[in-house]
Amino acid sequence: MWDLIAHGEQRFDFDFMPVVVKGMSWAQRWNLLRAGLNLGYRRTAPWNWPLHMQVELTSFCSLRCPVCPVGNETLTRPAQAIDVDLFGRLMGEVGDYLLTLALWGWGEPLLHPQIEKLLAIARRYPAAVMVSTNGQNLNRPKVQQALRNEPPTFLIVAIDGLTDDTNSVFRRGAKLAPALEGVRALAEWKAKSGSRLPVLHFRFLAVRQNEHEIPRIRDFASENGFDMVSIRGLSIIDSPEAAHRDLIPAGQLLRSYDYGEQSRLRRTDFVCQHAFTYPTVLADGTVVACEQDFNGHHPYGVFSAERSFANIWFGREAAGVRRTVRDDPNQYSSCRNCPFADHKLSTCSLEGYMLRPFAS
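Given the structure is predicted, the values throughout are model-derived calculations rather than measurements.

Draft legend 1. Local environment of the packing of helix 3 (residues 84-94) against helix 4 (residues 115-122). Where helix 3 meets helix 4, the closest approach of the two axes is 10 Å, and the angle between their N-to-C directions is 10°. Of the possible angle classes, the one that applies to helix 3 and helix 4 is roughly parallel. Of the residues in helix 4, those touching helix 3 at Val 84, Phe 87, Gly 88 and Met 91 are Lys 117, Leu 118, Ile 121 and Ala 122. Looking at side-chain class alone, the contact of helix 3 with helix 4 contains 6 nonpolar, 1 polar and 1 charged residues.

Next up, the structure:
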């Protein structure tokens, strides 16, 4: 609290990633304090602007992961990339208040044809910028140029196996070569240029078919130039249980959920805060309470040149959605099947650690 008020500085871990936000304005400090007060009440009309935001840069992908609405074809929205000007207007409204900005959704963000312009806009603001990629075009010159000219704070590369066979069990259609070539090229550039960003984050999704590789992850990541590693548990979105049963790890410690004979066991003590601090903006401008509403069935509103984010965030539609999320979440299938609600841990990742020091 002292660092926040006196120095405008906030330090915290975000899914095991060490985040440091410095030079916060008084407006940003006041917003953070108001958000803390609001979380105690979960008011449907919040006192605060968002603290975190997820922005879907694209709604299309080259892979077909089974527990993903793109991969299992439950995403019914048109495939599109977010408009650069729309993103600029969005950040112009809310960017000064954010602590983190996650630039991914249900598509592959590095497939956006103007990724460098989007990163340049995001980097104008004090938030920690995070990009998550499957790495399949990470070795392309245009992508490398964008990440060097406008590096995000963290570049998360999702690799779910140490061979093509194990990686493609979940990342269907993926190859290791482009991802690893891209990471090694960025690591070499960082060493030569002295840049500390992006922090290269190896993220490994533990499933039954790759859990035997986990003891080798640290060495594999270090040899290929990564700065940190995290092991992620299998999270189930709004999809049938049968879609993931053969992926559940045998090791109990690697399971995101406790399971009964037929399905995961439900918890009753989960309190959702996403709707009050952490919205998602889909590629078409639709603002939703959480990324799990991947088809935008329960929108706060649609951000556009004609409608401001403030009008949406503090508006009546958003208040109604928050009321349902707070008081009767089972009305929404995305809440009934929320991957966070039944998690054994408060994060989707099981563990994480730095391989190299991260200078704040």
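Draft legend 2. Seen up close, the environment of Val 84. On the secondary structure map, Val 84 appears in helix 3. As for Val 84 and Ile 115, which are separated by 31 residues in sequence, their C-alpha atoms are 9.0 Å apart. Other than its neighbours up to four places away in sequence, Val 84 contacts His 112, Gln 114, Lys 117, Leu 118 and Ile 121.

Draft legend 3. Here's a closer look at the layout of surface pockets. Considering only enclosed or pocket space, the second largest pocket measures out at about 520 Å³ in volume. Contributing to the lining of the second largest pocket are 28 residues, with Phe 270, Pro 329, Cys 335, Cys 338 and Ala 341 lying nearest its centre. If you list the elements that add at least two residues to the lining of the second largest pocket, you get helix 11 (316-327) and helix 12 (333-336). The residue inventory of the lining of the second largest pocket, partitioned by class, reads 14 nonpolar, 6 polar and 8 charged.

Draft legend 4. Layout of unusual backbone geometry. Following Leu 197, the chain continues into Pro 198 via a peptide bond in cis, with omega recorded as 0°. Phi at Glu 73 is positive, roughly 60°, even though this residue is not glycine. According to the relative accessible area criterion, Glu 73 is exposed, its value standing at 66%.

Draft legend 5. Quick peek at the pattern of salt bridges. Inspection of every chain in the model, using the stated rule, returns 11 salt bridges. Put simply, Glu 150 and Arg 123 hold a salt bridge, and the shortest N to O gap is 2.9 Å. In this pair, Glu 150 is assigned in the loop between helix 5 (141-149) and strand 6 (154-158) and Arg 123 in the loop between helix 4 and strand 5 (128-133), connecting sequence segments 27 residues apart. A salt bridge links Arg 307 to Glu 317; the shortest N-O distance between them is 2.9 Å. With a gap of 10 residues between them, Arg 307 in the loop between strand 11 (299-302) and helix 10 (309-313) and Glu 317 in helix 11 connect regions that are remote in the sequence. Overall, Glu 317 belongs to the partly exposed group, its relative accessible area being 41%. Through salt bridges with shared partners, a single network forms among Asp 15, Arg 203 and Arg 232.

Draft legend 6. Examining the packing of aromatic side chains more closely. In this structure the tally under the stated criterion is 11 aromatic pairs. Relative to Phe 309, the ring of Trp 49 lies with its centre 6.3 Å away and its plane at 20°, an arrangement referred to as stacked. On the criterion of sequence distance, the pair formed by Trp 49 in the loop between helix 2 (26-41) and strand 3 (52-55) and Phe 309 in helix 10 is long-range, its members being 260 residues apart. There is no split in this pair, since Trp 49 and Phe 309 are both buried. Each residue in the set Trp 49, Tyr 97, Tyr 300, Phe 309, Trp 313 and Phe 314 is aromatic and connected to the rest through ring pairs, giving one cluster. Positioned above the aromatic ring of Trp 313 is the side chain of Arg 322, whose terminal nitrogen or guanidinium carbon lies 4.4 Å from the ring centre.

Draft legend 7. Region of the structure containing the sheet that holds strand 4 (residues 100-102). Read from one edge to the other, the open sheet built from 10 strands follows the order 11-10-9-3-4-5-6-7-8-12, with strand pairing classed as mixed. Two strands bound the open sheet, and with one partner strand each, they are strand 11 and strand 12 (349-354).

Draft legend 8. Just the environment of Glu 351, in detail. Mapping Glu 351 onto the fold places it in strand 12. Sequence spacing of Glu 351 and Ile 231 is 120 residues, and the spatial spacing of their C-alpha atoms is 5.5 Å. Among residues more than four places away in sequence, those in contact with Glu 351 are Phe 16, Val 229, Ser 230 and Ile 231.

Draft legend 9. Structural context of the environment of Phe 309. For Phe 309, a relative accessible area of 0% translates into the label buried. Considering only alpha carbons, one finds Phe 309 and Arg 89, 220 residues apart in sequence, at a separation of 9.0 Å.

Draft legend 10. Representation of helix 2. In this model, helix 2 (16 residues) spans 23 Å end to end at C-alpha, consistent with the 22 Å of a helix rising 1.5 Å per residue. Within helix 2, the full set of buried residues consists of Gln 28, Arg 29, Asn 31, Leu 32, Ala 35 and Asn 38. Packing partners of the buried residues in helix 2 comprise helix 1 (2-7), strand 1 (10-14), strand 2 (17-21) and helix 9 (274-277). Taken from the residues just after helix 2, Arg 42 is the one with a positive phi, measuring 50°.

Draft legend 11. Region of the structure containing a nonpolar patch on the surface. Nonpolar side chains collect at one region of the surface, where Leu 37, Tyr 41 and Trp 47 lie side by side and expose about 350 Å² of accessible area between them. Positionally, Leu 37 belongs in helix 2. Accessibility expressed as a relative area gives 51% for Leu 37, which makes it exposed.

Conventions we followed
- Residues numbered from 1 in each chain as written.
- Predicted model: local features only at pLDDT ≥ 70, side-chain atom pairs only at ≥ 80, totals over all residues.
- Heavy atoms only, no water.
- Axes fitted to C-alpha atoms, helices over the stretch in contact; angles between N-to-C directions.
- Helix = DSSP H or I, 4+ residues; strand = E, 2+ residues; numbered from the N terminus.
- Parallel < 35°, antiparallel > 145°, perpendicular 65-115°, else oblique.
- Contact = heavy atoms within 4.5 Å.
- Nonpolar A, V, L, I, M, F, W, Y, C, P; charged D, E, K, R; others polar.
- 1 Å grid on protein atoms, 1.4 Å probe; cavity = no way out; pocket = protein on both sides within 12 Å on 5 of 7 lines; lining within 4 Å.
- Points joined across faces, edges and corners; volume = space filled by probe spheres on them.
- Buried < 20%, exposed > 50% of the residue type's maximum accessible area, 1.4 Å probe, protein only.
- Salt bridge = Lys/Arg side-chain N within 4 Å of Asp/Glu carboxyl O.
- Phe/Tyr/Trp six-rings, centres within 6.5 Å; stacked < 30°, edge-to-face > 60°.
- Lys NZ or Arg CZ within 6 Å of the ring centre and 35° of its normal.
- Pairing = 2+ DSSP bridges.
- Expected span 1.5 Å × (residues − 1).
- Patch = residues over 30% accessible without salt bridge, like charges linked within 9 Å, V, L, I, M, F, W, Y side chains within 5 Å.
- Areas by Shrake-Rupley, 256 points an atom, 1.4 Å probe, with all protein chains shown as cover.

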